[in-house]
Amino acid sequence: MDVRVTNVRKEFDRFPALHDVSLDIHSGELIALLGPSGSGKTTLLRLIAGLEMPTTGRIFFGDTDASEWTVQQRNIGFVFQHYALFRHMTILENVSFGLKVRPRSTRPPAGEIRRRALELLDLVQLSGLEKRYPNQLSGGQRQRVALARALAIEPAVLLLDEPFGALDAQVRRELRKWLREIHDRTGHTTVFVTHDQEEALELSDRLCVMSQGHVEQVGTPDTIYDQPSSPFVFGFIGESSQLPVTLVDGEIRHGNTAIGQSSGPLTAGPARLFFRPHDVDIVEPGAGLTGTVHSSRRVGGTRRVELDLGAGQLAEIDLPFDQAFSQSAAISFRPRRWQLFSAG
Amino acid sequence: MGFTLAYFSLIIMLPLLALAIRSAGLGPMGFWAAATDPRVLGALRVSFVTALIAAAINVVFGTLIAWVLVRYRFPGRRIFDAIIDLPFALPTAVAGIALTAIYAPNGVVGSLFAPLGWRIAYTPAGIVIAMVFIGLPFVVRTIQPILEEVSHEVEEASATLGASRFQTITRVLLPSLTPAILTGFALAFARGVGEYGSIIFIAGNIPFVSEIAPLLIYIRLQEFNYVGATVIATVMLLISFALLFAINLIQAWSRRRYGYGH
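Residues numbered from 1 in each chain as written. Chains lettered and ligands numbered in written order. Predicted model: local features only at pLDDT ≥ 70, side-chain atom pairs only at ≥ 80, totals over all residues.

Caption draft 1: Summary view of the overall build of chain B. Secondary structure assignment for chain B yields 13 helices and zero strands. Starting at the N terminus, the α and β elements of chain B follow one another as α-α-α-α-α-α-α-α-α-α-α-α-α. (Helix = DSSP H or I, 4+ residues; strand = E, 2+ residues; numbered from the N terminus.)

Caption draft 2: View of the overall build of chain A. A tally of regular secondary structure across chain A gives nine helices and 20 strands. Looking at the 344 residues of chain A, the share that counts as buried comes to 41%. Contacts in chain A between residues at least 24 apart in sequence constitute 65% of all its contacts with a sequence separation of at least 6. (Buried ≥ 20, exposed ≤ 12 C-beta atoms within 10 Å, placed from the backbone. Contact = placed C-beta atoms within 7 Å.)

Caption draft 3: Looking closely at the pairing of strand E19 (residues 330-335) of chain A. Residues and elements named next belong to chain A. The pairing of strand E15 (residues 280-282) with E19 spans three bridges and is classified as antiparallel. What sits directly across from Val280, in E19, is Pro335. With four bridges joining them, strand E16 (residues 289-299) and E19 adopt antiparallel strand pairing. Pairing of Leu289 across the sheet is with Phe333, part of E19. (Pairing = 2+ DSSP bridges.)

Caption draft 4: Expanded view of the interface of chain A and chain B. Every contact between the two is made by 20 residues of chain A and, on the other side, 19 residues of chain B. When contributions to the side of chain A that touches chain B are tallied by element, the ones reaching two or more residues are helix H2 (71-74), strand E6 (76-79) and helix H3 (91-100) of chain A. Classifying every residue of the side of chain A that touches chain B gives twelve nonpolar, five polar and three charged. (Nonpolar A, V, L, I, M, F, W, Y, C, P; charged D, E, K, R; others polar.)

Caption draft 5: The domain arrangement of chain A, seen in detail. Residues and elements named next belong to chain A. In terms of domains, chain A is made up of domain 1 (3-235) and domain 2 (239-342). Placing the centre of domain 1 and that of domain 2 at their C-alpha centroids yields a distance of 40 Å. Taken together, the contact pairs four residues of domain 1 with five residues of domain 2. A class-by-class count of the residues in the side of domain 1 that touches domain 2 yields three nonpolar, one polar and no charged. (Domains from an automatic or database assignment.)

Caption draft 6: The environment of A:Thr220, seen in detail. Residues and elements named next belong to chain A. Along the polypeptide, Thr220 turns up in the loop between strand E10 (214-219) and helix H8 (221-226). The class for Thr220 is partly exposed, based on 13 C-beta atoms found within 10 Å. Taking the C-alpha atoms as reference points, Thr220 and Ser204, 16 residues apart in sequence, are found 7.9 Å from one another. Those residues within four positions of Thr220 in sequence are excluded, and the remaining contacts are Asp205 and Arg206.

Caption draft 7: Summary view of the sheet that holds strand E8 (residues 189-194) of chain A. Residue and element names in this part refer to chain A. Taken in spatial order, the six strands line up as E6-E7-E8-E3-E9-E10 in an open sheet, and their pairing is mixed. Each edge of the open sheet is held by one strand with a lone partner, namely E6 and E10. Ignoring strand direction, the axes of neighbouring strands in this sheet form an average angle of 15°. Here E6 runs beside strand E7 (residues 157-161); their pairing, made up of four bridges, is parallel. Across the sheet, residue Gly77 finds its bridge partner in E7, namely Leu158. Relative to the sheet, helix H1 (residues 41-49) contacts strand E3 (30-34), E6, E7, E8 and strand E9 (206-211), its axis offset from that of E7 by approximately 150°. (Axes fitted to C-alpha atoms, helices over the stretch in contact; angles between N-to-C directions.)

Caption draft 8: Here's a closer look at the packing of helix H8 (residues 124-149) of chain B against helix H10 (residues 165-194) of chain B. Residues and elements named next belong to chain B. Put simply, H8 and H10 touch, their axes get as near as 8 Å, and they point 155° apart. Classified by the angle their axes make, H8 and H10 are roughly antiparallel. Crossing handedness for the pair H8 and H10: right-handed. Residues Met131, Ile134, Gly135, Phe138, Val139, Thr142, Ile143, Ile146 and Leu147 of H8 pack against Leu177, Ala180, Ile181, Thr183, Gly184, Leu187, Ala188, Arg191 and Gly192 of H10. (Parallel < 35°, antiparallel > 145°, perpendicular 65-115°, else oblique. Left-handed = near helix turned anticlockwise from the far one by under 90°.)

Caption draft 9: Expanded view of helix H6 (residues 169-186) of chain A. Residue and element names in this part refer to chain A. With 18 residues, H6 extends 26 Å between its outermost C-alpha atoms, agreeing within 8% with the 26 Å of an ideal straight helix rising 1.5 Å per residue. Looking at the packing, one finds that the buried side of H6 touches E3, helix H4 (110-123), helix H5 (139-151), E8 and helix H7 (197-203). Positive backbone phi, at 70°, marks Gly187, one or two positions downstream of H6. (Expected span 1.5 Å × (residues − 1).)

Caption draft 10: Quick look at the nonpolar core. Counting 96 residues, the largest nonpolar core has A:Ile48, A:Leu159 and A:Cys208 as its most contacted members. For this core, the element with the most residues is H5(A), which contributes six residues. Residue contributions to this core reach at least three from each of two domains, namely domain 1 (3-235) and domain 2 (239-342) of chain A. Not counting the four nearest positions on each side in its chain, A:Leu159 is found in contact with A:Leu45, A:Ile48, A:Ala49, A:Ile76, A:Gly77, A:Phe78 and A:Val191. If you look at the next biggest cluster of nonpolar residues, it comprises 52 residues, including B:Val46, B:Phe133, B:Leu136 and B:Ala233. (Core = buried A, V, L, I, M, F, W, Y, C linked by C-beta atoms within 7 Å.)

Caption draft 11: How the structure looks around the environment of A:Ala150. All names here are of chain A. Here Ala150 lies in helix H5. Separated by 75 residues in the primary sequence, Ala150 and Asn75 have C-alpha atoms spaced 9.8 Å apart. Residues within four places of Ala150 in sequence aside, it is in contact with Gly77, Phe78, Val79, Pro155 and Leu158.

Caption draft 12: Region of the structure containing unusual backbone geometry. Residues and elements named next belong to chain A. Even without being a glycine, Arg14 presents a positive backbone phi close to 75°. Of note, Arg14 is situated in the loop between strand E1 (3-12) and strand E2 (15-25). Phi angles above zero are rare outside glycine, and Asp20 is one such case at about 45°. Tracing the sequence through the fold places Asp20 in strand E2. According to the C-beta neighbour criterion, Asp20 is partly exposed, with 14 such atoms within 10 Å.

Caption draft 13: How the structure looks around the sheet that holds strand E11 (residues 241-248) of chain A. Residues and elements named next belong to chain A. Taking strand neighbours across the sheet as the criterion, the five strands line up as E13-E12-E11-E14-E20 in an open arrangement whose pairing is antiparallel. At either end of the open sheet lies a strand with only one pairing partner, and these are strand E13 (257-261) and strand E20 (339-342). Averaged over all pairs of adjacent strands, the angle between strand axes in this sheet comes to 40°, irrespective of strand direction. Where E11 meets strand E12 (residues 251-254), three bridges bridge the pair, whose relative direction is antiparallel. Residue pairing for E12: Thr246 is matched across the bridge by Arg253.

Here it is, written out as structure tokens:
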């Protein structure tokens, strides 16, 4: 189901957690709300769920204004970071809870409830554990139970709040892949909150990057990574360096070094140049930006070198891990892809 | 381990053993006769029935109080929280005299009920009230920490799954509090059975009606009937132990199931 958030503002004790946020969530997509802590991403998720009510603004489920609906009326599936399983119930009872509490008129017969719960446990690969209690399961298994429990009510939207936040790195990666598979198979409109950009980029169809109660940018992982629309997004997603530059007739200059031509609207005056460590070419000494090696560390298959460009400016570039260089050696490079933002 | 065992033997087992040996001096027939004396049976019945009623009342209201203390923020909450413990600290005789003054037919509360023909002080009802007073903190203090542990998220999860507030309370919250409620019940009950100081003032101490077993023990002692006193004490111990042991078993079972402390 489409979910539209329009001009929503949320204050807690007069303190604004969200300013005028609008977001269109398309039916069937998997969208990530990504941002640092305090960016309002969890608040936005809870507003969609109906666990919080907006101070102003409306939330639509499909074409219907759902702003005044209670949590129960919204029929959403919510998965919490710390699972929030009912520990006095078996796994099977946990999963069937949402169907069992329905009023008699809409409640499926007991046999049907059981069949559906077992089917879901099969979907989340926990068949055979239905008689266990939550404390007898590992963290990853518990989160899968939580997901099955949320799916049992055939939710209009599936909302996940940092679903893998409490798990260790290995389990996280597994569950991430697995959540994507589940999503592709069931097709539920899914919104998940994360502060892990790798998770968001890998898992989602679209990302909504948030900061300080605002939406910074919404787009596909490729758009967000390759065409960040603000310095915040550029800095927050992936590795990046920024340098102060001057534009003269569309030419980008750092000190006396020309870097390239500006293709955007900025043509004159001071600006900020952003580029990623892997988007650089190493050039002949003196033919580009030159700096001395300040420090280096191994990152995956490459070596990330921090260069001191003088005047306290540092830039990070990637070199092949087997390329030899000495400490405080001079290296010249030129950014291959970059983005310009106005200064200040 | 050795230290614990030695300490446990010295402090708890030794007095209990002495009690058993003393009452065993009577022989099985004599013991049975002393234990089934009508006045003894009456006193035991009064003690255990009132303690069970009082513990049941405490469980209901203690849970409510713990709930309010954990989930609501209101001015004076800390003071309210501290007052809960007062029955622990107050000398029981003081509590007994105060309660008697209030619930006697000419007391503040007692005078409201007197015209209706209801007497509270000097009846088993008075005993229950004294036991409720001294037992309340046990229930509140056992439930409070567990309630704090049951995260608000669990309630929210229940709501997102479509459960009404009432369903959340009866199907999610109360069941997860059951072990704590049982512990609170056991403690309040044990305290009630053993209570002496506050009750003797308010009970009226009429044999077969409002005479509690601990008082009868005291009376036997004053009659220099030491064996008679130890017999009552032994019977009380056996019944209390059986009840507490049963409650403990239920707890261990539920703890294994729900995994508290994990």
